[in-house]
Amino acid sequence: MLLPPEALPDFAVLGTAGEGAFGTVLVVRDQTGVLMALKVLQLGNHTDRERAALVSIRSRPAKHPGLIDIYHVGTAATGHLYYTMPLADPATSALPGEEGYVPRTLGRHLKDHGPLGPAALGALADPLLDTVLWLHANGIAHRDIKPGNILFIGGAPKLADLGLACSSEGENRPAGTPTYLPPDGATGADADLYALGKVLYECATGADPDSYPSLPRAFLAGPWKSAGPAFNRFLHKACAPMAADRFASVPEFRQAL
């Protein structure tokens, strides 16, 4: 979704970084020459939900560094809500603002480089768990944790796309990407942990998340040969069909991992 130039008079639009169900992420240059990402939302009821999510995150006195920064929230001349963020590291040789720029998400990283070994998986999971712990401690559920919403900025993983974030206690309707939703319909913090389990399955095995709980034949023959059986037991609990059988909190999840 591209808006006419007069709708965003403070920015020069250089290209598109991504498309989502409710909005588009643009590459823009502000009036000082700084490049950044700008997400512009389609008009609809989801606008109020995403604005509320931004308020919920930004009203906290100390935001966690594992969440993507939100520089500015505004309304375009056309009435569209937008907000600006740092750009993700490039996944290819094309830099932000150049034709062919592709943001480095976890999904793109796995596509380009294949599955992660135990050490690399631990290095990724640890800051993500810290970020999710901060969200849950502040009464917020992200509700859309998936590889496409984990960006690398300065080489560090950042949890992005806060459009579905809400009170971890006040929302009882499932929301998010179906592949990463608990089959029992659980919501809130519990759903975040289930989704994170599916993400780690995807990272370690290289398999499509819909293939869970199947393990590729090559999984136990590579870097996971010794740790694979224990990791598989961890996954069976993290992604159990019923909430009572899953991890109850981030610290419990982290300890088992």
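Look up: the structure comes first, before these words.
Residues numbered from 1 in each chain as written. Predicted model: local features only at pLDDT ≥ 70, side-chain atom pairs only at ≥ 80, totals over all residues. Heavy atoms only, no water.

Asker: For this particular structure, what's the right way to read the nonpolar core?
Answerer: Formed by 41 residues in total, the largest nonpolar core has its most connected members in Leu106, Leu121, Cys203, Phe231, Phe234 and Phe253. Elements supplying a minimum of two residues to this core: helix H2 (106-113), helix H3 (118-137), strand S7 (150-153), helix H4 (188-205), helix H5 (228-238) and helix H6 (250-256). Not counting residues within four places of it along the chain, the set of residues in contact with Phe234 comprises Leu200, Phe247, Phe253, Ala256 and Leu257. Counting residues in each nonpolar core, the second largest holds 15 residues, with Val27, Leu54, Leu87 and Ala160 among its members. (Core = buried A, V, L, I, M, F, W, Y, C linked by side-chain atoms within 4.5 Å. Buried < 20%, exposed > 50% of the residue type's maximum accessible area, 1.4 Å probe, protein only. Helix = DSSP H or I, 4+ residues; strand = E, 2+ residues; numbered from the N terminus. Contact = heavy atoms within 4.5 Å.)

Asker: Is there a simple way to explain unusual backbone geometry in this structure?
Answerer: A negative phi holds for most residues other than glycine; trans holds for most peptide bonds. Cis peptide bonds are those with omega within 30 degrees of zero, and the linkage from Tyr212 to Pro213 qualifies with 10°. Structurally, Pro213 is set in the loop between H4 and H5. The phi angle at Arg143 is positive, at roughly 75°, despite the residue not being glycine. Note on placement: Arg143 falls in the loop between strand S6 (140-141) and S7.

Asker: Looking at this structure, I do not really get helix H1 (residues 46-58). What am I missing?
Answerer: One turn of the α-helix equals 3.6 residues, which is why residues spaced by three or four share an orientation. Helix length check: H1, at 13 residues, gives a terminal C-alpha distance of 18 Å against a target of 18 Å (1.5 Å per residue), a fit within 8%. Residues of H1 that are buried: His46, Thr47, Glu50, Ala53, Leu54 and Ile57. For H1, the buried positions fall inside an angular range of 125° around the axis, keeping them on one side. In H1, those exposed residues whose orientation departs by more than 90 degrees from the buried face are Asp48 and Val55. The secondary structure elements touched by the buried residues of H1 are strand S3 (35-41), strand S4 (72-75), strand S5 (81-85), H3 and S6. (Expected span 1.5 Å × (residues − 1). Arc of directions from axis to C-beta.)

Asker: Explanation requested: the environment of Ala12 in the structure shown.
Answerer: Its location among the elements puts Ala12 in strand S1 (residues 12-19). Under the relative-accessibility criterion, Ala12 is labelled partly exposed at 34%. For the pair formed by Ala12 and Ala221, sequence separation is 209 residues and the distance between their alpha carbons is 50 Å.

Asker: Teacher, can you tell me more about H5 here?
Answerer: Along H5, the residues classified as buried are Gly228, Phe231, Asn232, Phe234, Leu235 and Ala238. One face of H5 carries all of its buried residues, which in axial projection span an arc of 160°. Buried residues along H5 sit against H3, H4 and H6.

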